[in-house]
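Given next are the chains, with one letter for each unit.
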Amino acid sequence: RNWIRLDHEHARATGPITNAYRYGTTGVEVHLIEIATGMEYWTKVHRELGRAWAQPRRVRRRTIEPLPLSIGRHVGPAFAEFVGDLDLWSQMFWDTYNSLKHAPNYEYNPSEVQLLGDTGQLLLLGALLNRVAGNKVPMKALCQSHRTHMLGYSMRKLLKTGEFSA
């Protein structure tokens, strides 16, 4: 019931996760862009509610951190451990999103875009389920599941973190 209520109130956040089941899958580029848009919406809603986690942090004078980093910190340490390096993952996710959105000549590896989109979907899903549950257990369960193990393994391999760090 809580998920249904959340879906009715925040369909722009839940839609990128549930649309594949309603309308079929899309291309990897569209999937990543939809997930990033859902993250933008979810963060904006909470920024307007005055939530500290949703406020953009300045990295340097004119540079703010990538938006997925604030969500990643908010959901707890499970996701950071899952991807190996939250800062590196967030930067790669956000740079890929912005390049797909704004650079018509951007060349990319579709497998990497799919991996980033799928890990972004896991992050957004975890944030939404954490909200429904009122705690951080759902994100931890998602990241420790055997069903998502290879996703985390592949992401850590791509980022050269965790067991792949030099």
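Being a predicted model, the structure only gives us computed values, none of them experimental.

**Some points on the overall build of the protein**
- On a plain count of helices and strands, the protein comes out with nine helices and two strands.
- Traced from its N-terminal end to its C-terminal end, the protein shows the element sequence α-α-α-β-β-α-α-α-α-α-α.
- The C-alpha atoms of the protein give a radius of gyration of 15 Å, which matches the 15 Å a tight globule of 166 residues would have.
- Taken along the three principal axes of its C-alpha coordinates, the protein extends 45 × 40 × 30 Å.
- Buried residues in the protein amount to 43% of all 166 residues.

**Side note on the packing of helix H2 (residues 11-23) against helix H3 (residues 28-48)**
- One way to put it is that H2 packs onto H3 with a least axis distance of 8 Å and a crossing angle of 155°. With respect to their mutual orientation, H2 and H3 come out roughly antiparallel. Of the two elements, H2 crosses H3, and the hand of that crossing is left-handed. Together, Arg12, Ala13 and Pro16 of H2 and Glu34, Ile35, Gly38, Tyr41 and Trp42 of H3 make up the contact between the two elements.

**Section: the packing of aromatic side chains**
- Per the counting criterion, the structure on display carries seven aromatic pairs.
- With 4.9 Å between their ring centres and 45° between their planes, Trp94 and Tyr97 make a pair best called tilted. Here Tyr97 and Trp94 lie together in helix H6 (residues 86-102), a separation of three residues that amounts to about one turn. The same class applies to Trp94 as to Tyr97, namely buried.

**Things to note about unusual backbone geometry**
- Even without a glycine there, the phi angle at Lys160 is positive, about 60°.
- Mapped onto the elements of the fold, Lys160 is located in the segment after helix H9 (149-159).
- Among the residues examined, Lys160 registers a relative accessible area of 60% and is labelled exposed.

**What to know about the pattern of salt bridges**
- Overall, the coordinates contain four salt bridges when judged by the stated rule.
- In this structure, Arg73 and Glu65 form a salt bridge, with 2.7 Å as the shortest nitrogen-oxygen distance.
- Taking the relative accessible area as the measure of exposure, Arg73 reaches 32% and is therefore partly exposed.
- The class of Glu65 is buried, set by a relative accessible area of 10%.

**Overview of helix H7 (residues 110-133)**
- Across its 24 residues, H7 extends 34 Å between first and last C-alpha, which sits within 8% of the 34 Å expected from 1.5 Å per residue.
- Residue Asn109 occupies the N-cap position of H7, its side-chain oxygen lying 2.8 Å from the main-chain nitrogen of Ser111.
- After H7 finishes, the residue Gly134 shows a positive phi value of roughly 80°.

**Observations regarding the packing of helix H1 (residues 2-9) against H2**
- Where H1 meets H2, the closest approach of the two axes is 7 Å, and the angle between their N-to-C directions is 110°. Classified by the interaxial angle, the pair formed by H1 and H2 is roughly perpendicular. From H1, Trp3, Leu6, Asp7 and Glu9 reach across to H2, where they touch Ala11, Thr14, Thr18 and Arg22.
- Broken down by class, the residue content of the contact of H1 with H2 amounts to three nonpolar, two polar and three charged.

About the thresholds
- Residues numbered from 1 in each chain as written.
- Predicted model: local features only at pLDDT ≥ 70, side-chain atom pairs only at ≥ 80, totals over all residues.
- Heavy atoms only, no water.
- Helix = DSSP H or I, 4+ residues; strand = E, 2+ residues; numbered from the N terminus.
- Rg over C-alpha atoms; globule rule 2.2 N^0.38 Å.
- Buried < 20%, exposed > 50% of the residue type's maximum accessible area, 1.4 Å probe, protein only.
- Axes fitted to C-alpha atoms, helices over the stretch in contact; angles between N-to-C directions.
- Parallel < 35°, antiparallel > 145°, perpendicular 65-115°, else oblique.
- Left-handed = near helix turned anticlockwise from the far one by under 90°.
- Contact = heavy atoms within 4.5 Å.
- Phe/Tyr/Trp six-rings, centres within 6.5 Å; stacked < 30°, edge-to-face > 60°.
- Salt bridge = Lys/Arg side-chain N within 4 Å of Asp/Glu carboxyl O.
- Expected span 1.5 Å × (residues − 1).
- Polar contact = N/O pair within 3.5 Å; in protein donor to acceptor, adjacent residues only side chain to side chain.
- Nonpolar A, V, L, I, M, F, W, Y, C, P; charged D, E, K, R; others polar.

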